[in-house]
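# Working through the structure, step by step
Here is what each chain is made of, one letter per residue.
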Amino acid sequence: MIDKLWYLSQMKLFDNVSPEDMEEVNKWAHHAKIRKHTIIQTPEMVREGLYFVKEGALRLYTVNSEGKQFTVGILGKGSTFGEIDSFSLGTHGVYIETMEDTLLCSIDREQFEKFISTRPHIMKRVMRILSDQLKEKNEMLEKMALGTVKVKLLFLLLNLSEEFGVLEEDGFQRIDLPLTHQEIGNMIGATRESVTSTINALVKEGIIRTGRKTISIHRKLAKEQLFG
């Protein structure tokens, strides 16, 4: 049995929410387990309500006229997305795909709007999350559209290490998300071969190190490459 209340209490949106309020939210929260590589939204779809990633990871991406995919966001455990009347969390008009088996919590639009109408502190938190996500999305779009394969790869790995990083020795962070070179290529609009050659070059430079479907990145050295 999934302990919905515990999961909801871990969500960034519900930081410092009283136990009484959490109990009320728990009454109308719904849960769904979704398998890896399932597309849960297309640009033509509108997912009303709020959704929370309780376990797993989601990738937000667009597709250009040539069919290339461009990642615009990665959502990990505790991240929020969705659309309600008062605001949008910046996920309209994109594809959303599970990167691994994922557990989602959803809250009905009308119920959530009624809930926050008497709790302005939660609305402030929503707007802060919205601002952060839009900033990240716009930054990633710019890098993915204009950067070289090396720039795109470093930027993606830095973002993934922020969301899924596990600290290792010597300043490296292991990305706790199994990824093939083909999957990385799909994320940055590059071929598997160019991803492999770029990763090999970065390994020689000491910026990343690899294992079986694992990548660790030295964040300080990667930022120096990207930003000087």
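A brief look at the structure comes next. Computed from a prediction, not measured in an experiment: that's the story for all the values here. (Residues numbered from 1 in each chain as written. Predicted model: local features only at pLDDT ≥ 70, side-chain atom pairs only at ≥ 80, totals over all residues. Heavy atoms only, no water.)

Attention now moves to the overall build of the chain. When helices and strands are tallied, the chain shows eight helices and 13 strands. Expressed as a percentage of its 228 residues, the buried residues of the chain come to 47%. For the chain, the share of sequence-separated contacts (at least 6 apart) that also reach a separation of at least 24 residues comes to 71%. As displayed, the chain offers around 11600 Å² of accessible surface, 50% of which is attributable to carbon and sulfur atoms. (Helix = DSSP H or I, 4+ residues; strand = E, 2+ residues; numbered from the N terminus. Buried < 20%, exposed > 50% of the residue type's maximum accessible area, 1.4 Å probe, protein only. Contact = heavy atoms within 4.5 Å. Areas by Shrake-Rupley, 256 points an atom, 1.4 Å probe, with all protein chains shown as cover.)

Let us now look at the packing of helix α5 (residues 149–164) against helix α7 (residues 192–204). Where α5 meets α7, the closest approach of the two axes is 10 Å, and the angle between their N-to-C directions is 75 degrees. Between α5 and α7, the angle is such that the two are roughly perpendicular. Each of Val-149, Lys-150, Leu-153 and Leu-154 in α5 lies in contact with α7, whose residues at this interface are Ser-194, Thr-198, Ile-199 and Leu-202. Along the lines of polarity and charge, the residues of the contact of α5 with α7 split into five nonpolar, two polar and one charged. (Axes fitted to C-alpha atoms, helices over the stretch in contact; angles between N-to-C directions. Parallel < 35°, antiparallel > 145°, perpendicular 65-115°, else oblique. Nonpolar A, V, L, I, M, F, W, Y, C, P; charged D, E, K, R; others polar.)

By the element assignment, Asn-26 lies in helix α2 (residues 19–27). Asn-26 sits in the buried class, given a relative accessible area of 17%. For the pair formed by Asn-26 and Ile-107, sequence separation is 81 residues and the distance between their alpha carbons is 9.2 Å.

Looking now at the pairing of strand β6 (residues 80–84). The buried fraction of β6 is high, at five of five residues. Pairing analysis gives four bridges linking strand β3 (residues 49–55) to β6, with the strands arranged antiparallel. For Leu-50, the partnering residue across the bridge sits in β6 and is Gly-82. (Pairing = 2+ DSSP bridges.)

Glancing now at the sheet that holds strand β11 (residues 172–175). If you walk across this open sheet you meet the four strands as β10-β11-β13-β12, and the pairing is antiparallel. Lying at the two open borders of the sheet, with one neighbouring strand each, are β10 (165–167) and β12 (208–211). This sheet shows a mean twist of 30 degrees between the axes of neighbouring strands, independent of strand direction. Across four bridges, the pairing between β12 and strand β13 (residues 214–218) is antiparallel. Looking at the pairing, Arg-209 lines up with Ser-216 of β13. Contacting β11 and β13, helix α8 (residues 219–227) runs over the sheet at an angle of about 70 degrees to β13.

Another aspect to go through is helix α3 (residues 109–116). Along α3, the residues that are buried comprise Arg-109, Phe-112, Glu-113, Phe-115 and Ile-116. One side of α3 holds all its buried residues, which, seen down the axis, span an arc of 160 degrees. Those residues of α3 that are exposed and angled more than 90 degrees off the buried face are Glu-110 and Lys-114. (Arc of directions from axis to C-beta.)

In the structure shown here, the tally under the stated rule is four aromatic pairs. Ring geometry for Trp-28 against Phe-115: centres 5.9 Å apart, planes inclined by 70 degrees, an arrangement best described as edge-to-face. In this pair, Trp-28 is assigned in the loop between α2 and β1 (29–34) and Phe-115 in helix α3, connecting sequence segments 87 residues apart. With relative accessibility at 12%, the residue Trp-28 sits in the buried group. Overall, Phe-115 belongs to the buried group, its relative accessible area being 1%. (Phe/Tyr/Trp six-rings, centres within 6.5 Å; stacked < 30°, edge-to-face > 60°.)

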